[in-house]
Each structure stands twice: as structure tokens, then as C-alpha cells.
Amino acid sequence: PQFEQSSLQAVHQQRREMLSNVCSRYTRKRRLLQPDDLRHLVVDDTHGLLYCYVPKVACTNWKRVMMVLTGQGKYQDPLDIPAHEAHVPSNLRTLSEYSVPEINYRLRSYLKFIFVREPFERLVSAYRNKFTLSYNTAFHKRYGTKIIRRHRQEPSDRALERGDDVRFEEFVYYLLDPRTQQEEPFNEHWERVHSLCHPCIIHYDVVGKYETLAEDANYILQLVGADTSVKFPASSKTTRTTDDMTAQFFQDISPFYQRRLFNLYKMDYLLFNYSIPSYLRLR
């Protein structure tokens, strides 16, 4: 319906304006994009679409949809694509794989979109997914063992070897430890959105939100004239991280560390117009 479309346009207009106001207030110097900055931008040349994926913001389903859009009829239903297949790098092209003129052309003329989520809810979701589920052994070994070694007093040999029982508090200490980012960039699951998708350099046409996922997704598919049979999968997850759940995780974090963590993610709060969570004690 026309009315629905125009009210959605107004919402997205507001989000874009908010973004550009915050960018002009906080970014002094425009830097040039490097190919490395473009690894998260998935390209659909058929529909003229660029999608910057953010882990823990419905990115598996968006990658599935992008595989349907770019698959020349190979896939009809996004949910027929196994989750792990959606993350196989060769199944989708990213902007970093193109030449400089091709990159510039696509940045100028394609519809660019991104999906964001309340930053601490996304962070707790990443923690729960990567550190509390037994099958994520690669994360336990790669990050868990290091976190426990550095941030737990008198860890057991088992914990040091397996890294599969990281507490949320230890994860927070790890994020705030200056050594962490000196050694390597944050993992994409807890990297800030502004560092993954560069919204002050790339002008996104649509900023979708996890909180309004279904209508924002449909809006984008309509904008690019996707086949009406392509539907964004409805969310059925009962295990999803909510605001209440996030508040529980923060109960045991001292106000001192809450403030420091908030400062770490502050740009994402500002850029995407999320208010400071009521459960934080930032005195």
C-alpha cells in the first residue's frame, strides 16, 4: 500500500539524517576506503545491491537471501540453504574482490544497505553464541583460552586448555584490555558496526534495524524490484537475546566497567540512535 510505503520512506529518511548528523559531528577527517574495508560488503550485480553484513544482526538470513538474489534461479527459498553454506566465502562476492573503477561505480550507483542492532544486545548475543555453546570449539580454543589465561585468577588446567567456560565478566575485561586491539582487530562478532561498515564514508541508502527486521527487509526487496516470491525468512528463534536478558548479564559488571564498555561502543549508539540502556549504572 502507498501509505505504508511513504511512512517507511519517512522513517528511513530520518535514520539517514541522524547518521549524517552524527558523522559530521564526530568525524573530522574523511579517510579513503581501503580494499580491506570492503570485505563485509556483499554484492548483487543482478539487482544493483550492496549489503554490509554485521554478525548477530540476522546476517545468516540476509546472506541466504543474497544467494537467492544472485543465484540465477539456483535457489528459490532462502530457508533451503543450510546456515553454514550461507557463510562459505565463495558463495557470495564482496566488494573487495573488484577493481577500483568497478568498486567506485558500485558505490555510486547501487542501493547500499546495512542492518544494525542495539549494541549491547548484539554483544551479549555474540558472547552467548560463541562462548556458551559447546559446539563452538574453534572460538573456545582461539579466544577462550587467551581470555581465561589473562583475566582469570588461578585458572584450572582444564579451563586453560579448553577455554569453554569464559564468564561474561572476563569477556568484558578482554574487550577493554588495551592489549587486545594492539594485537589484532576485534573479531567481527564483537567489532563495532562503524568499524565493519564505515557508515561515515559509505552513504547507506537504507539503515535497517533488527527491531524492525521484517518490514525493513521487505522494504529493501521492494526497492530493488526483487521477485515477489523472494521472502525474507520470518524469525522463529525463541532463544534470541532480548533486552531483559542483556540486563541480567550486566548485573554483575561494575559501574566502572559498564561506563568503559559503553564508551567503547558509544559511536554505534549515537550513529544508529539507540538510547543508553536503562539497566546501566553509569554514575
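Quick caveat, the model's predicted, so the values are computed rather than measured.

Colleague: Tell me about the overall build of the chain, and name the residues and values.
Modeller: Per the secondary structure count, the chain includes 13 helices and five strands. For a compact globule of 283 residues, the expected C-alpha radius of gyration is about 19 Å, and the chain comes in at 20 Å, within 12% of that figure. When the 283 residues of the chain are sorted by exposure, 50% land in the buried category. Intrachain contacts of the chain at a sequence separation of at least 6 include 70% that bridge at least 24 residues. Surface exposure of the chain reaches about 15,000 Å², of which carbon and sulfur atoms provide 50%. Here the chain carries 40 positive and 34 negative side-chain charges, and the mean point of each set is 4 Å from the other.

Colleague: Tell me about the packing of helix α5 (residues 119–131) against helix α13 (residues 255–271), and name the residues and values.
Modeller: Where α5 meets α13, the axes come as close as 9 Å, and the angle between the chain directions of the two elements is 120 degrees. Contacts from Pro-119, Phe-120 and Leu-123 of α5 reach α13 at Leu-261, Phe-262, Tyr-265, Asp-268 and Tyr-269.

Colleague: Explain helix α6 (residues 137–151) residue by residue, including any values.
Modeller: With 15 residues, α6 extends 19 Å from end C-alpha to end C-alpha; this agrees with the ideal 21 Å at 1.5 Å per step. At Gly-144, α6 shows its strongest bend, of approximately 40 degrees. For α6, the complete set of buried residues consists of Phe-139, His-140, Tyr-143, Gly-144, Thr-145, Lys-146, Ile-147, Ile-148 and His-151. Those residues of α6 that are buried lie in contact with α5, α7 (157–162), α8 (168–176) and α9 (178–183).

Colleague: Give a description of the state of the cysteines that names residues and reports values.
Modeller: Counted under the stated rule, the structure contains two disulfides. Bridging Cys-52 to Cys-197, the disulfide has an S-S length of 2.0 Å. A torsion of -90 degrees about the S-S bond marks the disulfide between Cys-52 and Cys-197 as left-handed. One end of the pair, Cys-52, is in strand β2 (residues 49–52); the other, Cys-197, is in helix α10 (residues 193–197), with 145 residues separating them in the sequence. Just as Cys-52 is buried, Cys-197 falls in that class too.

Colleague: So, the side chain of Glu-121: which residues are in play, and what are the values?
Modeller: Relative to the assigned elements, Glu-121 resides in helix α5. For Glu-121, a relative accessible area of 9% puts it in the buried group. Contact partners of Glu-121, with chain neighbours within four places excluded, come to Tyr-210, Arg-240, Thr-241, Thr-242, Asp-243 and Thr-246.

What counts, and where the lines are drawn
- Numbering of residues starts from 1 in every chain and runs along the sequence as written.
- Side-chain atom pairs in this predicted model are given and counted only at pLDDT of 80 or more, local residue features only at pLDDT of at least 70, and totals for whole chains, interfaces and linings cover all residues.
- Here the side-chain values reflect all heavy atoms present in the structure, with hydrogen atoms and water set aside.
- Each helix corresponds to a stretch of at least 4 residues labelled H or I by DSSP, and each strand to a stretch of at least 2 residues labelled E; elements are numbered beginning at the N terminus.
- The globule rule used here is 2.2 Å times the number of residues to the 0.38 power, and the radius of gyration it is set against is calculated over C-alpha atoms.
- For each residue, the accessible area found with a 1.4 Å probe, counting protein chains only, is set against the maximum for its type, and the residue is called buried under 20%, exposed over 50%, and partly exposed in between.
- Contacts are residue-level and defined by heavy atoms, with any inter-residue pair within 4.5 Å sufficient.
- Per-residue accessibility takes into account occlusion by the displayed protein chains alone, with areas from the Shrake-Rupley method and a 1.4 Å probe.
- Charged residues are defined here as Lys and Arg on the positive side and Asp and Glu on the negative side; His and the ends of the chain fall outside this count.
- The location of each charge is read from NZ of Lys, CZ of Arg, CG of Asp or CD of Glu.
- Interaxial angle, 0 to 180 degrees, is taken between N-to-C directions of lines fitted to C-alpha atoms, where a helix line uses only the stretch in contact.
- Any helix carries an expected span of 1.5 Å times its number of residues minus one.
- Fitting one axis to the seven residues ending at a residue and another to the seven starting there, the bend at that residue is the angle between the two axes.
- Working definition: a disulfide is two cysteine sulfur atoms within 2.5 Å of each other.

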